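Residues per chain, in single letters:
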Amino acid sequence: MMKIAIIGSGSWGSALAKVLSENKHDTVLWGRKQTIIDEINQTHTNEKYLPNVSLPKEIKATTSLSEAVSNASMIILVVPTNAMRQMAQELNPLLEDQAQAPVIVHASKGLEMNTQLRISEVLTEVLNKDNYQDVVVLSGPSHAEEVARQDVTTLTAASDNLEAAQAVQQAFMNRYFRVYTNTDVIGVELGGALKNIIAVGAGIISGLGYGDNAKAALITRGLAEISRLGTARGADPLTFIGLSGVGDLIVTCTSPHSRNFQAGTLIAKGYSRAEVSEKMFMVVEGILTVKVAYELAKEYDIDMPITEMLYLALYTDKKISVEDAIESLMLREGKQEESLDK
Ligand SMILES: NC(=O)c1ccc[n+]([C@@H]2O[C@H](COP(=O)([O-])OP(=O)(O)OC[C@H]3O[C@@H](n4cnc5c(N)ncnc54)[C@H](O)[C@@H]3O)[C@@H](O)[C@H]2O)c1
Ligand SMILES: O=P(O)(O)OC[C@H](O)CO
């Protein structure tokens, strides 16, 4: 058993802390809001982010980053993507004097605005490489609400160093939480980040009353464009038919738990991007990732029609309605489906 620090006490950080504590690890949960930290320590709940869940009383919560990471063998970052750089900068001096360099894990899903970097790229850019062992990405189809009630869940731990991925696998695995390993960090991170865009689209078509045919079309063609961008960025195409690809795409596009899906239903009701962000108090990564993916698609000359339509609807003043966007997707020139020899 080891000391594991979880940085971020929102829905996913709290659910992951619950799993690790149940696996008998010395689990410390860091958050920036004193009221939430007090609630976790005193009543063993986090009603705002993980309602109706009893957390193990062994979880220690703190607002002190130094206390959280001191002597931790593993540090798991679960803050919104655009807070990762700052968290890594704050971590850097605290890792200087650790007796043993920790494994750094992140379990978030997005791409950094402006730099277009994957989260592991941000972490390796900022963290002093002498002070940590490896970076591991934990991703896959996993809603916090279901993990917290011990529903069967499968994930992927990916790292360039298979042994580091295996260490994460061993820390988390139990009868309801099964972790596979992978060495395709690019594919695992891009699958997790880009599926959120398609989930926003799924919420929109559901909110507009389209049926299951439309949803299946969106998921399948969404997977095609995720795979196109992913392989252009160096991912193994097979990764996109794994847990962090199609697995996460299915769960996020079909589950009422998904914040990205919920945000899509609000967009279908006519709310603007700013209004949606205000109404959803939890992070909706897909709304931000649309912009980054659109820019990457332009840069790499990749056809991403669903992402492009969402970008036009959310980020430009072209005032394209969602109905017009869907019609224009449907009426593009006829295409051939992907095949292995193309
Ligand atoms: N909720 C899930 O089911 C789930 C599952 C898998 C992955 N994820 C991913 O995990 C990441 C976190 O999601 P979540 O569901 O926990 O979000 P959340 O909105 O529930 O919680 C986010 C937490 O980060 C904190 N935070 C926000 N800005 C911060 C900053 N600048 N510095 C430090 N802390 C900050 C918030 O106070 C909150 O505690 C996202 O990338 C999400 O895609 C979520
Ligand atoms: O609630 P969402 O849309 O952020 O999705 C959560 C997880 O990524 C699902 O695997």
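Residues numbered from 1 in each chain as written. Chains lettered and ligands numbered in written order. Predicted model: local features only at pLDDT ≥ 70, side-chain atom pairs only at ≥ 80, totals over all residues.

Under the annotation held in an unreviewed UniProt entry, the chain carries the name Glycerol-3-phosphate dehydrogenase [NAD(P)+] and is attributed to Ruoffia halotolerans. Regarding the chain, the UniProt comment filed under Sequence similarities (unreviewed entry) reads as follows: "Belongs to the NAD-dependent glycerol-3-phosphate dehydrogenase family." Database annotation for the chain, UniProt heading Subcellular location (unreviewed entry): "Cytoplasm". (UniProt positions renumbered as here; feature names shortened; annotations may be inferred.)

Would you take a moment to explain the domain arrangement of the chain for this structure?
Interfaces are often described in size by the accessible area the parts lose on coming together. In terms of domain boundaries, the chain breaks down into domain 1 (3–183) and domain 2 (193–330). Using C-alpha coordinates to define each centre, domain 1 is positioned 26 Å away from domain 2. Listed by partner, the interface residues are 20 residues for domain 1 and 21 residues for domain 2. At the level of elements, strand S7 (153–158) and strand S8 (177–182) are the ones that each hand at least two residues to the side of domain 1 that touches domain 2. (Domains from an automatic or database assignment. Contact = placed C-beta atoms within 7 Å. Helix = DSSP H or I, 4+ residues; strand = E, 2+ residues; numbered from the N terminus.)

Just checking my understanding: could you explain helix H4 (residues 84–95) for this structure?
Turn by turn, an α-helix covers 3.6 residues, leaving residues three or four places apart pointing in a common direction. Spanning 12 residues, H4 covers 16 Å between terminal C-alpha atoms, matching the ideal 16 Å at 1.5 Å per step. Residues of H4 that are buried make contact with strand S1 (3–7), helix H3 (65–69), strand S4 (74–77) and helix H5 (119–126). (Expected span 1.5 Å × (residues − 1).)

Any chance you could explain the environment of Asn 161 here in plain terms?
For Asn 161, the location among the structural elements is in the loop between S7 and helix H7 (162–172). Classification of Asn 161 by C-beta neighbours within 10 Å gives partly exposed; the count is 15. Taking the C-alpha atoms as reference points, Asn 161 and Glu 96, 65 residues apart in sequence, are found 22 Å from one another. (Buried ≥ 20, exposed ≤ 12 C-beta atoms within 10 Å, placed from the backbone.)

I would appreciate a short explanation of the site of ligand 1 in the present structure.
In the vicinity of ligand 1, 26 residues are found, and the nearest of them are Gly 10, Ala 83, Ser 108, Ala 144 and Met 282. At three residues, helix H1 (residues 11–22) tops the list of elements feeding residues into the shell around ligand 1. Tallied by class, the residues present in the shell around ligand 1 amount to 11 nonpolar, 11 polar and four charged. The two domains that each donate at least three residues to the shell around ligand 1 are domain 1 (3–183) and domain 2 (193–330). (Near = placed C-beta within 6 Å. Nonpolar A, V, L, I, M, F, W, Y, C, P; charged D, E, K, R; others polar.)

Hey, could you run me through the site of ligand 2 in this one?
With respect to spatial proximity, 13 residues lie near ligand 2, and among them Ser 142, Asp 248, Ser 258, Arg 259 and Asn 260 are the closest. Mapped onto the shell around ligand 2, the elements with two or more residues apiece are helix H8 (185–207), helix H10 (243–254) and helix H11 (259–268). Sort the elements by how many residues they give to the shell around ligand 2 and H10 lands first, with three residues. In terms of residue class, the shell around ligand 2 is made up of three nonpolar, seven polar and three charged. Each of two domains, domain 1 (3–183) and domain 2 (193–330), supplies a minimum of three residues to the shell around ligand 2.

What is the right way to look at the nonpolar core in this model?
Where a protein is soluble and globular, its nonpolar side chains tend to be buried together. Residues Ala 5, Ile 7, Ile 76, Val 136 and Val 168 are the most contacted members of the largest nonpolar core, which totals 106 residues. Per-element accounting of this core gives the leading share, 13 residues, to H8. Both domain 1 (3–183) and domain 2 (193–330) contribute no fewer than three residues apiece to this core. Contacts of Ala 5, omitting those with residues within four sequence positions, involve Val 28, Trp 30, Ala 68, Val 69, Ala 72, Ile 75 and Ile 76. (Core = buried A, V, L, I, M, F, W, Y, C linked by C-beta atoms within 7 Å.)

Would you explain the UniProt feature "active site" (unreviewed entry) in the chain in this entry?
The positions that UniProt labels "active site" (unreviewed entry) are, in the present scheme, Lys 195. Topologically, Lys 195 is positioned in helix H8. Classification of Lys 195 as buried rests on a count of 33 C-beta atoms within 10 Å. Sequence-distant contacts of Lys 195, that is, excluding residues within four places in its chain, are made with Ile 226, Asp 248, Leu 249 and Thr 252.

When you look at the sheet that holds strand S5 (residues 103–106) in this model, what are you seeing that I'm missing?
Pairing between sheet strands relies on hydrogen bonds along the backbone, with the strands arranged either parallel or antiparallel. Across the sheet, eight strands lie side by side as S3-S2-S1-S4-S5-S6-S7-S8; this open sheet has mixed pairing. Strand pairing shows two members of the sheet lacking a second neighbour, strand S3 (60–62) and S8, which therefore form its edges. Across this sheet, the average inter-strand angle for adjacent strands is 25 degrees, counted without regard to direction. The pairing of S5 with strand S6 (residues 135–139) spans three bridges and is parallel. (Pairing = 2+ DSSP bridges. Axes fitted to C-alpha atoms, helices over the stretch in contact; angles between N-to-C directions.)

Help me understand the packing of H8 against H11, please; the structure alone is not making it clear to me.
Helix packing for two helices is described by the angle between their axes and how far apart those axes are. Here H8 crosses H11 at 45 degrees, and the two axes come no closer than 6 Å. The pairing of H8 with H11 is recorded here as oblique in orientation. Viewed along their axes, H8 and H11 form a crossing whose handedness is right-handed. In this structure, H8 uses Asn 196, Ala 199, Val 200, Gly 201, Ala 202, Gly 203, Ile 204, Ser 206 and Gly 207 to contact H11, whose residues at the interface are Asn 260, Phe 261, Gln 262, Ala 263, Gly 264, Thr 265, Ile 267 and Ala 268. Among the residues forming the contact of H8 with H11, the class breakdown is eight nonpolar, nine polar and no charged. (Parallel < 35°, antiparallel > 145°, perpendicular 65-115°, else oblique. Left-handed = near helix turned anticlockwise from the far one by under 90°.)

So what exactly am I meant to see when it comes to the pairing of S1 here?
Looking down a regular strand, the side chains alternate between one sheet face and the other. In terms of residue burial, S1 counts as a mostly covered element, since four of its five residues are buried. Relative to strand S2 (residues 26–30), S1 runs parallel, the two being bridged by five bridges. Across the sheet, residue Ala 5 finds its bridge partner in S2, namely Val 28. For the segment spanning S1, H1 and S2, crossover handedness is right-handed. (Right-handed = clockwise from strand over helix to strand, strands pointing away.)

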